[in-house]
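What the coordinates show
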Amino acid sequence: MIACAVAAAAAASWCHAPVPPSPMWRAVHQRTVSVERGCVWLAGRQSRLSMSTAGGGERRRQPSAKQSLGQNFLVDESMSRGMVGALEAVGVGDRLVEFGPGQGALTALLLEAHPQMLAVELDQRMEAVLREEHPQLALRRGDMLEIDLADLSAERGGSLQLITNTPFYLTSPFLFKLLGQLEHVEQVVLSMQAEVADKVLAPPCCKDYGILTVMLQLFGRPERLFEIPPTAFRPVPKCSASVLRLRPSAVPMGVDGGAALTVAQRSQLLGLLKLAFEQRRKMLRHTLKPLLLDAATPPPDELLRMRPEQLPPAEWIELAAMLFGADTTDSAPALQAAHASGSWKAYKKGWRPPQPALGGAASAS
């Protein structure tokens, strides 16, 4: 009897055991799943590439992001509203300029309150989309790094209010451009790579503290407003973004009784910072040695024993005054002569060096 029971249990176990699928069934099933997944992926891609036109109803295809232009389009409406809301006291809409509107995530919101705004877009494909969807928008094609802010300010009737989702690779040049023409800008709201925002707001004596830190903390009055996660962009970047507000001023922040610095004086300071921070681990008495011979006022020894990252922003203004005195001429030649490399420049990409005065030496023909 026991033998019969064991045999019956074994038979039942065999009957209920799963039968492995045949190779042909597996192949057909895998092809079916692949097709289904492909259809779902394609539908999702088409939905991401299309958007409603201004007239509603009809849907059109959006151009894809260009890697060569560093395009990551903001697609999170709450983040877009946060950036637009960060603009403070926009008085005259004519002075509001958006650089790089792309697919128009900010533009549509800005137009509601400021129909006289101007948008500047480099990508011809995006320009066509914006003209179709926002025919009332004042739009021109141009490069944000090439536009003269002084001319644009005169054209728009006063100091500019700027807003931009800056392509990450253009952040630093754009900020130096602003620093060179800050007399013509009232406020800026922009997104940037979170790591760059860390550098902008870094305190002295840390690795993030550098040239951009000193210049923006003196002349930009930066405020960090909020963070944008990578998932808020398409395509999704590999880093988070931060939104900052700047209020540029030629009067340096934190300097007692400070007066506005001219473009030439700011150019002196930038060249001095570049000369020092390129050898940030060396004491200033070594990196600035060629300038000390002709210094208007010899800097004290305790200052010269410091390294560049140890000087707070305001002390760089004092050091520049000691070295250059009241001289407001272009100091780039002297700074470049103090550098070992003949190809070294006393300014950063994006900065417009002071132009030679009319009537100066004629260029060789």
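In what follows, the structure referred to is the one given above.
Residues numbered from 1 in each chain as written. Predicted model: local features only at pLDDT ≥ 70, side-chain atom pairs only at ≥ 80, totals over all residues. Heavy atoms only, no water.

Quick notes on the overall build of the protein
- Along its length, the protein carries 15 helices and 11 strands.
- Looking at the protein as a whole, 43% of its 365 residues are labelled buried.
- Looking at the protein alone, contacts between residues at least 24 apart form 68% of all its contacts between residues at least 6 apart.
- Split by element, the accessible area of the protein, about 19200 Å² in all, is 57% carbon and sulfur. (Helix = DSSP H or I, 4+ residues; strand = E, 2+ residues; numbered from the N terminus. Buried < 20%, exposed > 50% of the residue type's maximum accessible area, 1.4 Å probe, protein only. Contact = heavy atoms within 4.5 Å. Areas by Shrake-Rupley, 256 points an atom, 1.4 Å probe, with all protein chains shown as cover.)

Remarks on the nonpolar core
- Within the largest apolar cluster, 59 residues are counted, with the highest numbers of intra-cluster contacts made by Phe99 and Trp316.
- Look past the residues within four positions of Phe99 in its chain and what remains in contact with it is Val120, Met144, Ile147, Leu149, Leu152, Leu162, Ile163, Thr164, Asn165 and Phe174.
- Counting residues in each nonpolar core, the second largest holds 26 residues, with Met79, Leu106, Ile228 and Phe233 among its members. (Core = buried A, V, L, I, M, F, W, Y, C linked by side-chain atoms within 4.5 Å.)

Quick notes on the sheet that holds strand 11 (residues 241–246)
- As summarised here, the arrangement of the 7 strands in space is 6-5-4-7-8-11-9, forming an open sheet in which the pairing is mixed. Each edge of the sheet is formed by a strand with only one pairing partner; in this case those strands are strand 6 (138–141) and strand 9 (223–228). On average, each strand axis in the sheet is inclined to that of its neighbour by 20°, with strand direction left out of account.
- One ladder, built from 6 bridges, connects strand 7 (residues 160–165) with strand 8 (residues 185–193); its direction is parallel. Across the sheet, Leu160 pairs through a bridge with Val185, a residue of strand 8. (Pairing = 2+ DSSP bridges. Axes fitted to C-alpha atoms, helices over the stretch in contact; angles between N-to-C directions.)

Details of the packing of helix 7 (residues 171–180) against helix 9 (residues 211–219)
- At a closest axis distance of 11 Å, the pairing of helix 7 and helix 9 adopts a crossing angle of 40°. Classed by the angle they form, the pair helix 7 and helix 9 counts as oblique. For the pair helix 7 and helix 9, the sense of crossing is left-handed. Seen from helix 7, the contacting residues are Leu175, Phe176 and Leu179; seen from helix 9, they are Ile211, Leu212, Met215, Leu216 and Phe219. (Parallel < 35°, antiparallel > 145°, perpendicular 65-115°, else oblique. Left-handed = near helix turned anticlockwise from the far one by under 90°.)

What about the pattern of salt bridges?
- Scanning the model with the defined rule gives 14 salt bridges in all.
- Put simply, Glu88 and Arg247 hold a salt bridge, and the shortest N to O gap is 2.6 Å. With a gap of 159 residues between them, Glu88 in the loop between helix 3 (77–85) and strand 4 (96–99) and Arg247 in the loop between strand 11 and helix 10 (263–277) connect regions that are remote in the sequence.
- We classify Glu88 as partly exposed; its relative accessible area is 34%. (Salt bridge = Lys/Arg side-chain N within 4 Å of Asp/Glu carboxyl O.)

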